[in-house]
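The residues making up each chain are set out below.
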Amino acid sequence: MLEHVSIRWRLALISAGLTCVILCAFAIAVGEATTSRIRSDFRNQLAAAADDLKGRLEIYVNAEKGRVTRISPPLDAYAGAEHAVIRILNDNNGQVLGTTKEAPNLGRTIPFVDRTEFIQGYRVVSRHTLLHSPTDPQVKVPVVIQYARKVSDLENTVTRVRLFLIFGVAGGTLLALIGGLWLAGRAMRPIAGLTQTARRIAETGDPEMRVPQPRADDEVAELAHTLDDMLHSLAASRAETELALQRQRQFVADASHELRTPLTSILANLELLADVLDGEQGEAARSALRSSKRMRRLVADLLLLARADAKRDLPHEPTDLGQVVVEAAAELGPVADGHEFDVDAEHAIVAGSPDELHRLALNLMENAIKHTPPGTHVRAAVERENGHVVLTVADDGPGIPDELRDRIFERFARGDGDRGGSFGLGLSIVRAVAESHHGTVTLAPGGHGARFIVTLPGT
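Residues numbered from 1 in each chain as written. Predicted model: local features only at pLDDT ≥ 70, side-chain atom pairs only at ≥ 80, totals over all residues. Heavy atoms only, no water.

*Asks:* Would you mind going over the sheet that holds strand β7 (residues 136-150) with me for this structure?
*Replies:* As a general point, the strands of a sheet are linked pairwise by backbone hydrogen bonds and lie either parallel or antiparallel. Across the sheet, which stays open at both edges, the 5 strands sit in the order β4-β3-β7-β6-β5 with antiparallel pairing between neighbours. Edge positions in the open sheet fall to β4 (96-99) and β5 (115-119), since each of these has one partner strand only. In this sheet, adjacent strand axes meet at a mean angle of 25° when their direction is disregarded. With 12 bridges joining them, strand β6 (residues 122-133) and β7 adopt antiparallel strand pairing. Its bridge partner being in β7, tyrosine 122 is matched across the sheet by lysine 150. (Pairing = 2+ DSSP bridges. Helix = DSSP H or I, 4+ residues; strand = E, 2+ residues; numbered from the N terminus. Axes fitted to C-alpha atoms, helices over the stretch in contact; angles between N-to-C directions.)

*Asks:* It is not clear to me how helix α7 (residues 354-370) should be interpreted in this structure. Could you clarify?
*Replies:* Owing to its 3.6 residues per turn, the α-helix brings residues three or four apart onto one side. Its 17 residues give α7 an end-to-end C-alpha distance of 24 Å, which sits within 8% of 24 Å, the value for a rise of 1.5 Å per residue. Among the 17 residues of α7, 12 are classified as buried, and the element is accordingly described as predominantly covered. Among the residues of α7, Glu356, Leu357, Arg359, Leu360, Ala361, Leu362, Asn363, Leu364, Met365, Asn367, Ala368 and Ile369 are the ones counted as buried. (Expected span 1.5 Å × (residues − 1). Buried < 20%, exposed > 50% of the residue type's maximum accessible area, 1.4 Å probe, protein only.)

*Asks:* Can you help me understand the pattern of salt bridges in this one?
*Replies:* Scanning all chains against the criterion turns up 7 salt bridges. Between arginine 39 and glutamate 155 there is a salt bridge, with the nearest N and O atoms lying 2.9 Å from each other. Of the two residues, arginine 39 sits in helix α1 (residues 7-56) while glutamate 155 sits in helix α3 (residues 151-204), which places them 116 residues apart along the sequence. Exposure remark for glutamate 155: the relative accessible area of 29% places this residue in the partly exposed category. Measuring nitrogen to oxygen at the nearest pair gives 3.6 Å for the salt bridge that ties glutamate 283 to arginine 286. Taken as a pair, glutamate 283 and arginine 286 lie in helix α5 (residues 279-309) at a separation of 3 residues, close to a single helical turn. Residue classification places arginine 286 among the partly exposed residues on the basis of a relative accessible area of 32%. (Salt bridge = Lys/Arg side-chain N within 4 Å of Asp/Glu carboxyl O.)

*Asks:* What is the right way to look at the packing of α7 against helix α8 (residues 426-436) in this model?
*Replies:* Each pair of packed helices gets described by two things: the angle between the helix axes and the distance between those axes. Running from N to C, α7 and α8 point in directions that differ by 145°, and their axes come no closer than 9 Å. Classified by chirality, the crossing of α8 by α7 is left-handed. In this structure, α7 contributes Glu356, Leu357, Arg359, Leu360, Asn363, Leu364 and Asn367 to the contact, and α8 contributes Gly426, Leu427, Ile429, Val430, Val433, Ala434 and Ser436. Residues of the contact of α7 with α8, tallied by class, amount to 8 nonpolar, 4 polar and 2 charged. (Left-handed = near helix turned anticlockwise from the far one by under 90°. Contact = heavy atoms within 4.5 Å. Nonpolar A, V, L, I, M, F, W, Y, C, P; charged D, E, K, R; others polar.)

*Asks:* Just checking my understanding: could you explain the pairing of β4 for this structure?
*Replies:* The side chains of a regular strand alternate between the sheet's two faces. Sheet topology places strand β3 (residues 84-90) next to β4; 3 bridges connect them, and they run antiparallel. Of the residues in β4, the one forming a bridge with leucine 89 is valine 96. Between β3 and β4, which pair antiparallel and follow one another directly, the connecting turn spans 5 residues, one of which, glycine 94, has a positive phi of 80°.

*Asks:* I'm lost on unusual backbone geometry in this one. Help?
*Replies:* Of all residues except glycine, most have a negative phi; of all peptide bonds, most are trans. For the peptide bond that leads from serine 72 to proline 73, omega is 0°, which places it in the cis range. With respect to the helices and strands, proline 73 occurs in the loop between β2 (67-72) and α2 (75-80). One non-glycine residue, glutamine 120, adopts positive backbone phi at about 50°. Along the chain, the position of glutamine 120 falls in the loop between β5 and β6. For glutamine 120, a relative accessible area of 56% corresponds to the exposed category.

*Asks:* I keep staring at the packing of α1 against α3 and nothing clicks. Help me out?
*Replies:* For the pair α1 and α3, the least separation of the axes is 8 Å and the interaxial angle reads 160°. With respect to α3, the element α1 is oriented roughly antiparallel. As for how α1 packs across α3, the hand of that crossing is right-handed. (Parallel < 35°, antiparallel > 145°, perpendicular 65-115°, else oblique.)

*Asks:* I keep staring at the environment of valine 141 and nothing clicks. Help me out?
*Replies:* With respect to the helices and strands, valine 141 occurs in strand β7. For valine 141, a relative accessible area of 11% corresponds to the buried category. Separated by 158 residues in sequence, valine 141 and valine 299 place their C-alpha atoms 138 Å apart. Once you skip the residues sitting within four places of it in the chain, valine 141 turns out to touch Val61, Leu97, Thr129, Leu130 and Leu131.

*Asks:* How should I be thinking about the sheet that holds strand β13 (residues 440-443) in this particular structure?
*Replies:* Pairing in this open sheet of 5 strands is mixed, and the strands run β9-β11-β12-β14-β13 from one edge to the other. Each of the sheet's edge strands pairs with one partner strand only, and the pair in question is β9 (340-345) and β13. When the angles between neighbouring strand axes are averaged without regard to direction, this sheet yields 10°. Across the face of the sheet, helix α6 (residues 321-332) comes into contact with β9, β11 (377-385), β12 (388-395) and β14 (451-457) while running at roughly 165° to β9.

*Asks:* Where do I start with the packing of aromatic side chains in this structure?
*Replies:* Geometrically, a pair of aromatic rings is defined through the distance of the ring centres and the angle of the planes. Summed over the entire model, instances satisfying the criterion amount to 2 aromatic pairs. Taken together, a centroid distance of 6.5 Å and an interplanar angle of 85° make the contact between tyrosine 78 and tyrosine 147 edge-to-face. Note that tyrosine 78 is positioned in helix α2 and tyrosine 147 in strand β7, a separation of 69 residues in sequence. Overall, the relative accessible area of 1% leaves tyrosine 147 in the buried class. A centroid spacing of 6.0 Å and a plane angle of 80° characterise the contact between phenylalanine 409 and phenylalanine 452, whose relative ring orientation is edge-to-face. Of this pair, phenylalanine 409 sits in the loop between β12 and α8 while phenylalanine 452 sits in strand β14; the two residues are 43 residues apart in sequence, bridging distant segments of the chain. Its relative accessible area of 2% is what places phenylalanine 452 among the buried residues. Above the ring of tyrosine 60, the side-chain terminus of arginine 70 is found at 3.9 Å from the ring centroid. (Phe/Tyr/Trp six-rings, centres within 6.5 Å; stacked < 30°, edge-to-face > 60°. Lys NZ or Arg CZ within 6 Å of the ring centre and 35° of its normal.)

Any link to function would need more than the numbers given here.
What follows is the structure in structure tokens.
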């Protein structure tokens, strides 16, 4: 359960729980000792009051009439301080000689035997004595003094003590919880700062950001120093990686560019040989010419991707994308391999590189030819929508396998059971060209066949 609670609350709850246990143990010990002392004091006070009254009691008796005329000290005044009740009985016949107001009938006690008992909710102390009348010393009266106090008074006092202890435990636990939250908040504040910094680094991907360093020299400060050292190492590693990648991109771009000149010379010589040679030699020259053209195409693709990776864009100029699509379709006409082309391209100007846009349209239509059976209908359309120019290339072939749709624009993407094998660099170049022209390319979901949509800013 505590696993789903924040560390701040977890520390505060554990602190409050331990405080509660300690206070409960303390309250139980103090409560038992206090209760025992209260009960003992109650008994002792009751017995002491009865003994004191026994020593001070005087009874005035009218000898002629045989009745009590006065009792000293006055019973109501004597009992009022401790909310007690008093009864003075004749020890011989149980006659009530004197009593406080509203004193209940506490019965008779065993003659001449001092004892303590519980009667009608009272603790009653009995004291027997033989008194002489001050007015007539010859008159002797055996009496029993019943001094009693309600047990409920004792229990109310005990209850108040217990309530005080209970509220003390609850209050102490609550204060411990509040104090624990405050202390845990102060202790976790540096951790919160580290978390915010780590979140910003995760959002921005910038390892150059620094971790705030706590002023205290504790475990949190050690963690902050460790994270800061890690960020330094990551920044250095990232810089080295970026430098290596930059060198690699530069090498690919330079190598591709340098390969174009010898390839052009090779193609020229092979075209000449293919024209002048006959028989097997001529066929070998034509085969080498076809391979060299594919190599030139691959070098051009690598050069384009290398420029895109290095963020080296060609100069942009107003270009009619509709005309570019018509020219690309015308170029593919001789190698359509039985495919039916339908081009619907309206006049639409974009700011871009004519060569790269031509490559984009050519690759999309060539991809449809390569990966669909003969007789498949391929449609290319250019239209303007809300200030953008949209190029759509669709076919009614078998479509893109589901397992390949999410990575169709990756370089040399290959799906299980794909009839055309790898998609090579064609669609990767399409995405690179679209992004370099501040546009997007997407594969439309669902439907029959494949449908690619390129959206570019219009002018």
